[in-house]
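Structural overview
In case you want the letters, here they are:
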Amino acid sequence: MSEQTTGVAIVGAGGWGKNHVRNYAAMPEAELLYVCDRSPDVRLRIEAAYPDVTVADNVRRALDDDAVEAVVIATDAPSHYAVALQALRAGKDVFVEKPMALSSAHARELCEVADEGERVLMVGHLLLYHPAVEELRALVVAGELGEVLYLYAQRLNLGVVRRDENAWWSLAPHDLSVANYLFDADPEAVSATGATFLQREQNVEDVVFATVHYPGGRIAHVHVSWLDPHKTRNLTVVGDRKMAVFSDTSPDQKLTIFDKGVEPPAALSYEQGVRIRTGDIRIPALRMAEPLRRECEDFLRAVRTREAPRSDGRSGLEVVRALEAGTRSLRNRGVRIAVEEG
Ligand SMILES: NC(=O)c1ccc[n+]([C@@H]2O[C@H](COP(=O)([O-])OP(=O)(O)OC[C@H]3O[C@@H](n4cnc5c(N)ncnc54)[C@H](O)[C@@H]3O)[C@@H](O)[C@H]2O)c1
């Protein structure tokens, strides 16, 4: 391995983890050394496709190998905490898929262990690496949208129905991470309602409607469901100067900027009333790149430079805290629950 390449081990190469495997195997700045998966079928598939990679049924050997600097965890959510803790304690830099952990106590502990050991800890908030979200954030930072007043996100589809997490924990991390990024703030409180239809006895919500409250009265509304006829991945951002819509399922119009707004009545005389402004609609040309590839590159950059990745452990913790508040609200008929400090 050259000094320029980072030795990588991947734990979990199932439905999503196989995309990590494909990316790290193709990146010149990485050397994919191990893929660990407890499923014999997954191991056979990886062995056939990547004969130079060591395939194992658990992570132990990879953690004992000094050539492995970075561990990528794409196992199911309930195992994230234990595998990430094990890897951090073995002195590795760690990328863990979303949700980072299933409790804020576990997420906080991972951050603390990473800080103590001066290890990189990154969370798979994929959308922060989407060119449309990057453009949106650039527009917000440049003030083009004005102050972001509110936003709403819809992440709907028929499936994938999960058993060990509900639609809120499975799907909302994407939208919460983007909302935190665009508001440049952490949520203060969450009120959420939802319903269980497919796995009533296990109390696994299939659909959730949540309002997430941010400082200054700003709000994000998040609608997630795996029981819906539409495949929808939309985000609408309303600023006091312009508005924007991100449609991830659109092949060629992912981001649309509307030069629309309403002059607040207080700024106008009584005769003028409320003035509605509808100007140009712009579809910026985005330099499309696979968001996962950009996410992997940011992880390797953080490992090399020791600078925090965009989606660091703290951002993972903030998302878990909001998820946790949302769960308490779901269990209490939608009452507003404060996101706990710390
Ligand atoms: N960022 C995204 O856009 C995105 C998309 C889909 C899934 N995900 C996340 O990726 C993770 C995996 O999802 P998936 O759909 O690939 O699940 P999956 O069930 O298809 O795959 C998980 C794999 O991990 C293996 N595994 C579990 N525990 C293990 C352990 N302790 N040691 C070794 N192997 C272990 C299983 O055998 C399985 O092959 C989840 O956290 C999910 O939320 C992220």
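In what follows, the structure referred to is the one given above.
The following refers to the structure shown.

Rules of the game
- Residues numbered from 1 in each chain as written.
- Predicted model: local features only at pLDDT ≥ 70, side-chain atom pairs only at ≥ 80, totals over all residues.
- Heavy atoms only, no water.
- Helix = DSSP H or I, 4+ residues; strand = E, 2+ residues; numbered from the N terminus.
- Rg over C-alpha atoms; globule rule 2.2 N^0.38 Å.
- Buried < 20%, exposed > 50% of the residue type's maximum accessible area, 1.4 Å probe, protein only.
- Areas by Shrake-Rupley, 256 points an atom, 1.4 Å probe, with all protein chains shown as cover.
- Lys, Arg positive; Asp, Glu negative; His and termini not counted.
- Charge placed at Lys NZ, Arg CZ, Asp CG, Glu CD.
- Pairing = 2+ DSSP bridges.
- Axes fitted to C-alpha atoms, helices over the stretch in contact; angles between N-to-C directions.
- Contact = heavy atoms within 4.5 Å.
- Phe/Tyr/Trp six-rings, centres within 6.5 Å; stacked < 30°, edge-to-face > 60°.
- Salt bridge = Lys/Arg side-chain N within 4 Å of Asp/Glu carboxyl O.

As a further point, take the overall build of the protein. Counting its regular elements, the protein contains nine helices and 15 strands. For the protein, whose C-alpha radius of gyration is 21 Å, the value lies close to the compact-globule estimate of 20 Å for 342 residues. Classification of the 342 residues of the protein by burial places 52% in the buried group. Summing over all exposed atoms, the protein offers an accessible surface of approximately 16100 Å²; the carbon and sulfur share of this is 49%. Treating the 40 positive side-chain charges of the protein as one cloud and the 51 negative ones as another, the clouds have centres 3 Å apart.

Here we take up the sheet that holds strand β4 (residues 70–73). One open sheet holds the six strands; their spatial order is β3-β2-β1-β4-β5-β6, and the pairing between them is parallel. The sheet is open, and its two edges are formed by β3 (54–56) and β6 (121–124), each paired on a single side. Between one strand axis and the next, the sheet turns through 20° on average, direction left out of account. Both strand β2 (residues 30–36) and β3 contribute to a ladder of three bridges, which runs parallel. Bridged to Y34 within β3 is T54. Those strands touched by helix α4 (residues 80–89) are β1 (6–11), β4, β5 (93–97) and β6, and its axis lies near 170° from that of β5.

The next thing to look at is the environment of A107. Position of A107 relative to the elements: it lies in helix α5 (residues 104–116). Judged by relative accessible area, which is 0%, A107 ranks as buried. Spatially, the C-alpha atom of A107 lies 19 Å from that of A179, the residues being 72 residues apart in sequence. When near neighbours in sequence (up to four residues on either side) are disregarded, A107 contacts M100, A101, L317 and V320.

So, on to the packing of aromatic side chains. By the definition in use, this model includes three aromatic pairs. Centroid distance Y150 to Y152: 6.5 Å. Interplanar angle 15°. Geometry classified as stacked. Exposure remark for Y150: the relative accessible area of 36% places this residue in the partly exposed category.

Across the sheet, which stays open at both edges, the nine strands sit in the order β14-β13-β12-β11-β7-β10-β9-β8-β15 with mixed pairing between neighbours. A single partner strand is all that each edge strand has here, and the edge strands are β14 (275–282) and β15 (337–338).

What follows covers the pattern of salt bridges. By the definition in use, this model includes 20 salt bridges. With a shortest N-O distance of 2.9 Å, R314 and D115 are connected by a salt bridge. In this pair, R314 is assigned in helix α9 (residues 313–331) and D115 in helix α5, connecting sequence segments 199 residues apart. Here R314 falls in the partly exposed class, since its relative accessible area comes to 38%. On the accessibility criterion, D115 (49% relative accessible area) is partly exposed. As a salt-bridge pair, D259 and R277 come within 2.6 Å of each other at their nearest N and O atoms.

On to the side chain of K92, then. Take K92: it is sitting in the loop between α4 and β5. Buried and unpaired, K92 has no salt bridge, with D66 as the nearest side chain of opposite charge at 4.9 Å. Once you skip the residues sitting within four places of it in the chain, K92 turns out to touch A62, L63, D65, D66, V68, E69, V71, A87 and R119.

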